[in-house]
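Fold and geometry: a report
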Amino acid sequence: MKINKIYIWTAWFLSIVLLFILSQTDLILKESSPKVYQVSLILDSENEGEYSNLKKGVDDAAKRYNIDINLLTLGSASQKELIESEEDNGTNGIIVLAKDDLRLAMTKVPMVVIKSKDADVFDTKKIGGSSGNIVTSKRTINIDYVDMITGLYNKFEKSYDGTSPIYVFYNSTKPAGVEPEIEFLKSKDAHTVFIEGDEREFRTAIEDLVHSKKSAYIFSLDKHSSDNLCKIIGGSSVYNEHIKGFYCIGATTLFVNKLDDGNIDALSTLNEYDEGYLAVEMLMADLKKTGYTSNVDMKNILLDKESLKDEDIVKQLFPVE
Amino acid sequence: MNRRLIIKKFSNKNLSIRSSIFIYFTVTAIIAIALISLIMFQRFTDSLNKTIIEENAGIIGQVGESIDSYLRNVMKISDSIYYNVIKNTDISDDDIKNGMNLLYVNNDNMIDDIALIAGDGTLIESMPALRLKDGINVSERDFFKKSMAESEYIYFSMPHIRNLFDQNENSYSWVMSMSRAVEVTSEGKATQAVLLINLNYMFFEELFSNVNLGNGGYIYLINDKGDIIWHPRQNEIYAGRFTENNKYAAGLKDGISIENIGGKKLTVNVRTIGYTGWKLVGVTGSAAINVDSMKFRLFVLFVADLFLFLLAMVNAYISNRISNPISRLDNSVREIESGNLNVEILPSGSYEVQHLGNSIRNMLSRIKVLMSDLVAEHNAKRKSEFDTLQSQINPHFLYNTLDIIVWMIENEKPDKAVSIVTALAKFFRISLSKGKNIITVRDEVEHVRNYLMIQSMRFKNRFEYSIKVDEDVSEYSSLKLMLQPLVENAIYHGMEFMDGDGEIDVRVFKENDELYFTITDNGLGMSEDVVATLLSKDIVPSKRGSGIGVKNVNERIKLYFGAEYGLFVESEPDEGTKITIHLPAIVYGEKNEDK
């Protein structure tokens, strides 16, 4: 062993210098500070209050994954325009509650789409021949609205007198799940009356029912319609006398309170907190390139007044602020 | 390869003393640095852990005090309502409403509402003004039943949705209820009622949100059964997205303990809140996680490498200091081994090495003296041998010469007899030369001349001889009895069978400051083989001669004048022989024969 070789000493000394540079400076090795991800949450309505629980789930997950959430409600711009705008603004990922008319081709950033189970928001025909910075993200959270309406209808059938008309209210066919719900109900009963519109149309329909001195069962197929109906029916006890049963889809505090009060007979919903949390988890799995299932079907919850005695259900429906 | 062979392989390796010292020192240094680093790292993490645990314990203590203080305040409020407002006041009196309102307004940051509920479940008074929800049967509620059952007991419920009173249908709030049995007076009659105070759950959120345990730690609050009252990830727990070991923590006693929960080593700090029996639990990860960054590990490596480098440099310096004198000594010994006894030995370094160097130097001096003595003794012995040979005149030569002298006297040739006796006398005189071995060229030539005269008479003029000596060489030094054996060799081997036409020619001359003697005969000559053996074997020409061989003459010349001098023989069969003697040209008297 030749210990007097100058090059051994030189190499050793250089290794010490290198270790010093690596450990004490940022010239070579820079320890990355936790990255803050910018994520856009695009709702399918103008009222973010309808999604307060989902927002809580998103916010809790955002805390865990170091995410800055940018909440976007629908205004004059379409969801597709909002998505393109957010992509151009440099968002890291997008979570979108898809309306039925949303069609996505290619996306520049990872995306999680919360959609109706039967809806096909990805236009696979337009995939191909795209530029290199385009990624294909097909992570979806599927809500089975047919299962929701089925469960609700089964509940309704147990108390249905067999003769009273069934009023079905919906705001439009665009919100996710409304179309298949209508299709389902159309296939079930000849006494069904479909009323599309807003508060004014609904109020007219209810008042007509009251004036005709008849009673009916009512279904509300979307949150917006359920909200309007709760306001209309809650406005006068007379209306309540002509409604034999009120069945609705959606989960706002109002609905749950109305269910607790007995104004709503059954409510088909899902754990929106978990839905929001899951959406962020899936998006982060995409951003960090870790394995995660691409498609998740949310589990529906069918509630009646008795269900609210279950503490676990209450905790899920009323997240802590 | 088994372990023994590996050890043998390494132990047999020819490592220099410098490398050995360096390797042993460096390996020792590596082990020492590794151990020190490990111990220091352990001490550092232990210290960090201890500091974090102490700080966290302090924080948890403070939070516990805050909760305790909060609960005591709430109980004081309830006492105030009961003893100062409700007790001994008729429920129809506005004083109850006013008193409750005053306390509510003063404490609305922590209280959502205050309600006084009669024993039958009807609402007596509330702040703010509230209405029980339709269909609500308060007397069936847990808090009501427990409060009524134990009148002295103050009951704290678990967090729940505020659902007893009418409220905004679009909102909800989480509360914790404190309830107790109170005695109310109605129209002079004392009856039992329940005082309900809904505590604002946001108070806990605000209290805990400012608490930040180091090292990713967190605090949560549980009741004595382990049910969660507050947790930073409460909603995630309710949604099944996070699992806490709250039930396990409920079984822990107050204090700090290290728990292995779910494969993770966690520091759990438990503090029980006075009256309620709630437990505040602080959970902190190991400090090792905190110091596990890449840069920290590289820094530890850098420090270890730097120390090792410095130690290696010191090791190299020390090993050089120790080994350089030994290496120099080793080189000197190698020189001596190769035969160079004149190598200079300069002892240096430590005392042992200097002592060794001095010993070798003394030993070398002793060897040189012994070698010199040995050579001198050898030379003296050889000279003594030659002197013995020289002192012996072959008896045959003397007998034959005297026989010739007798014959000459009997045949009345006295002149010749005189000549030969005179020659014989001169021959012996020069042979003796007072015991000297170095004589002048003149004497040596005179000696061989006398010998040739005697031999020419003995051999009855069977050969002729001539001697030619340059004038300027007579006083140079020559070796005694150097020419006579060579001439004798020429006579006995060259002339004995010649019939009067034999010739022997002796010449002495100087050339290039060197002295040359040549003895040339035209006798039988010798083959190359014989010439080759002439100087290697001690061949004595004749028993009748002087008994001194050619080899003997050659060795004597080298002994007295040096290895570069000696004989050179040229001979051809039937042609004759020429022997050349090469000597240094030294004036007689300048050459001391003992040197």
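Figured I'd write up the structure that's included with this text. (Residues numbered from 1 in each chain as written. Chains lettered and ligands numbered in written order. Predicted model: local features only at pLDDT ≥ 70, side-chain atom pairs only at ≥ 80, totals over all residues. Heavy atoms only, no water.)

**Some remarks on the overall build of chain B**
Assigned secondary structure in chain B consists of 16 helices and 18 strands. Here the analysis covers contacts within chain B between residues at least 6 apart in sequence; of these, 66% occur between residues at least 24 apart. Surface accessibility of chain B: about 32,100 Å² in total, with carbon and sulfur atoms responsible for 53%. (Helix = DSSP H or I, 4+ residues; strand = E, 2+ residues; numbered from the N terminus. Contact = heavy atoms within 4.5 Å. Areas by Shrake-Rupley, 256 points an atom, 1.4 Å probe, with all protein chains shown as cover.)

**Regarding the interface of chain A and chain B**
Listed by partner, the interface residues are 41 residues for chain A and 38 residues for chain B. Taken together, the links from chain A to chain B amount to four salt bridges. Across the pair B:Lys133 and A:Asp260 runs a salt bridge whose closest N-O atoms are separated by 3.2 Å. Inspection of the chain A/chain B interface yields 14 residue pairs in polar contact (both at pLDDT 80 or more). For the side of chain A that touches chain B, the elements supplying multiple residues, two or more each, are helix H1 (6–24), helix H2 (52–65), helix H9 (253–261), helix H10 (272–287) and helix H11 (311–317) of chain A. Tallying contributions element by element places H1(A) first for the side of chain A that touches chain B, with ten residues. Of the residues assigned to the side of chain A that touches chain B, the class counts are 19 nonpolar, ten polar and twelve charged. (Salt bridge = Lys/Arg side-chain N within 4 Å of Asp/Glu carboxyl O. Polar contact = N/O pair within 3.5 Å; in protein donor to acceptor, adjacent residues only side chain to side chain. Nonpolar A, V, L, I, M, F, W, Y, C, P; charged D, E, K, R; others polar.)

**Comments concerning the packing of aromatic side chains**
Counted under the stated rule, the structure contains 36 aromatic pairs over all chains. Consider the rings of A:Phe156 and A:Tyr160, whose centres lie 4.6 Å apart with planes at 40°: the pair is tilted. Taking the relative accessible area as the measure of exposure, A:Phe156 reaches 0% and is therefore buried. Relative accessible area serves as the criterion here: at 17%, A:Tyr160 is assigned to the buried category. Aromatic pair B:Phe299 and B:Phe302: ring centres 6.2 Å apart, planes at 40°, arrangement tilted. (Phe/Tyr/Trp six-rings, centres within 6.5 Å; stacked < 30°, edge-to-face > 60°. Buried < 20%, exposed > 50% of the residue type's maximum accessible area, 1.4 Å probe, protein only.)

**Notes on a negative patch on the surface**
All names here are of chain B. Among the surface-exposed residues, Glu 528, Asp 529, Glu 572, Asp 574 and Glu 575 lie close enough to one another that they form a single negatively charged patch. Inspection of the secondary structure assignment puts Glu 528 in helix H15 (residues 528–534). Judged by relative accessible area, which is 69%, Glu 528 ranks as exposed. (Patch = residues over 30% accessible without salt bridge, like charges linked within 9 Å, V, L, I, M, F, W, Y side chains within 5 Å. Lys, Arg positive; Asp, Glu negative; His and termini not counted. Charge placed at Lys NZ, Arg CZ, Asp CG, Glu CD.)

**What about the sheet that holds strand S17 (residues 566–572) of chain B?**
All names here are of chain B. Spatially, S13-S15-S16-S18-S17 is the arrangement adopted by the five strands of the open sheet, whose pairing is mixed. Unpaired on one side and paired on the other, strand S13 (463–469) and S17 mark the two borders of the sheet. In this sheet, neighbouring strand axes are inclined to one another by 10° on average, regardless of whether the strands run parallel or antiparallel. Examined bridge by bridge, strand S15 (residues 502–511) and strand S16 (residues 514–521) share eight bridges and lie antiparallel to one another. In the strand pairing of S16, Ile 504 is matched with Asp 521. Here helix H13 (residues 441–458) sits on the sheet and contacts S13, S15 and S16; the angle it forms with S13, its principal contact strand, is near 170°. Each of S17 and strand S18 (576–584) is contacted by helix H16 (residues 550–561), which is oriented at about 150° to S17, the strand it contacts most. (Pairing = 2+ DSSP bridges. Axes fitted to C-alpha atoms, helices over the stretch in contact; angles between N-to-C directions.)

**A look at the pairing of strand S7 (residues 218–222) of chain B**
Residue and element names in this part refer to chain B. Counting buried positions along S7 gives four out of five residues, so the element sits mostly inside the fold. Sheet topology note: the S7/strand S11 (residues 279–285) ladder contains five bridges and is antiparallel. Counterpart to Tyr 220 in the pairing with S11 is Val 281. Note that S7 and strand S8 (residues 228–230) share two bridges and pair antiparallel. From the neighbouring strand, Leu 221 faces S8, where its bridge partner is Trp 230. Linking S7 back to S8 in an antiparallel pair, the connection comprises five residues, with Gly 226 at a positive phi of about 95°.

**Re helix H9 (residues 294–337) of chain B**
Considering bend angle alone, the principal kink of H9(B) is centred on B:Ser323 and spans about 35°; proline B:Pro325 follows within four residues of it. In the segment just after H9(B), B:Gly339 is the residue with positive phi, at about 110°. (Bend = angle between axes of the 7 residues up to and from the residue.)

**Re unusual backbone geometry**
For the bond from B:Met127 to B:Pro128, the omega torsion is -10°, close enough to zero to count as cis. Position of B:Pro128 relative to the elements: it lies in the loop between strand S2 (123–127) and helix H4 (142–149). Of note, A:Lys213 is a non-glycine position whose phi angle comes to about 55°, a positive value. Tracing the chain through its elements places A:Lys213 in the loop between helix H6 (199–211) and strand S8 (216–220). Despite not being glycine, B:Asp574 shows a phi value in the positive range, around 65°. Within the secondary structure layout, B:Asp574 lies in the loop between S17 and S18. Judged by relative accessible area, which is 65%, B:Asp574 ranks as exposed.

**Considering the nonpolar core**
Formed by 80 residues in total, the largest nonpolar core has its most connected members in B:Ile67, B:Leu221 and B:Trp278. If one sorts the elements of this core by residue count, helix H2 (residues 17–86) of chain B sits on top with twelve residues. When neighbours within four sequence positions are excluded, B:Trp278 is seen to be in contact with B:Ile67, B:Leu71, B:Phe156, B:Met176, B:Phe204, B:Leu221, B:Ile222, B:Asn223, B:Ile229, B:Arg271, B:Thr272 and B:Ile273. Counting residues in each nonpolar core, the second largest holds 52 residues, with A:Tyr51, A:Leu97, A:Phe219 and A:Val296 among its members. (Core = buried A, V, L, I, M, F, W, Y, C linked by side-chain atoms within 4.5 Å.)

**Re the sheet that holds strand S6 (residues 166–170) of chain A**
All names here are of chain A. Spatially, six strands are ordered S7-S6-S8-S9-S10-S12 in an open sheet, and the strand pairing comes out mixed. One side of each edge strand has no neighbouring strand; the edge strands of this open sheet are strand S7 (192–196) and strand S12 (300–303). Across the sheet, the mean angle from the axis of one strand to that of its neighbour is 15°, orientation sign disregarded. As defined by bridge partners, S6 adjoins S7 across five bridges and the pair is classed as parallel. From the neighbouring strand, Ile 166 faces S7, where its bridge partner is Thr 192. Relative to S7, helix H5 (residues 178–186) is tilted by about 160°, and along the sheet it contacts S6, S7 and strand S9 (243–249). Contacting S9, strand S10 (266–270) and S12, H9 runs over the sheet at an angle of about 145° to S10.

**Some words on the packing of H2(A) against H10(A)**
Residue and element names in this part refer to chain A. The geometry of H2 relative to H10 is characterised by a closest axis approach of 6 Å and an angle of 35° between their N-to-C directions. H2 and H10 meet at a crossing whose hand is right-handed. Residues Asn 53, Leu 54, Lys 56, Gly 57, Val 58, Asp 60, Ala 61, Ala 62, Arg 64 and Tyr 65 of H2 form the contact with H10, whose participating residues are Glu 272, Tyr 273, Glu 275, Gly 276, Tyr 277, Val 280, Glu 281 and Met 284. Looking at the contact of H2 with H10, its residues break down into nine nonpolar, three polar and six charged. (Left-handed = near helix turned anticlockwise from the far one by under 90°.)

**Regarding the side chain of A:Asp222**
All names here are of chain A. Considering the arrangement of structural elements, one finds Asp 222 in the loop between S8 and helix H7 (223–234). Of the buried charged residues, Asp 222 lacks a salt bridge, with Lys 223 as the closest side chain of opposite charge at 9.9 Å. Of note is the side chain of Asp 222, whose polar atom sits 3.2 Å from the backbone nitrogen of His 224. With near-sequence residues (within four places) excluded, Asp 222 lies in contact with Tyr 170, Asn 171, Ser 172, Val 178 and Ile 249.

Spatial relationships are all this shows, so hold off on functional conclusions.
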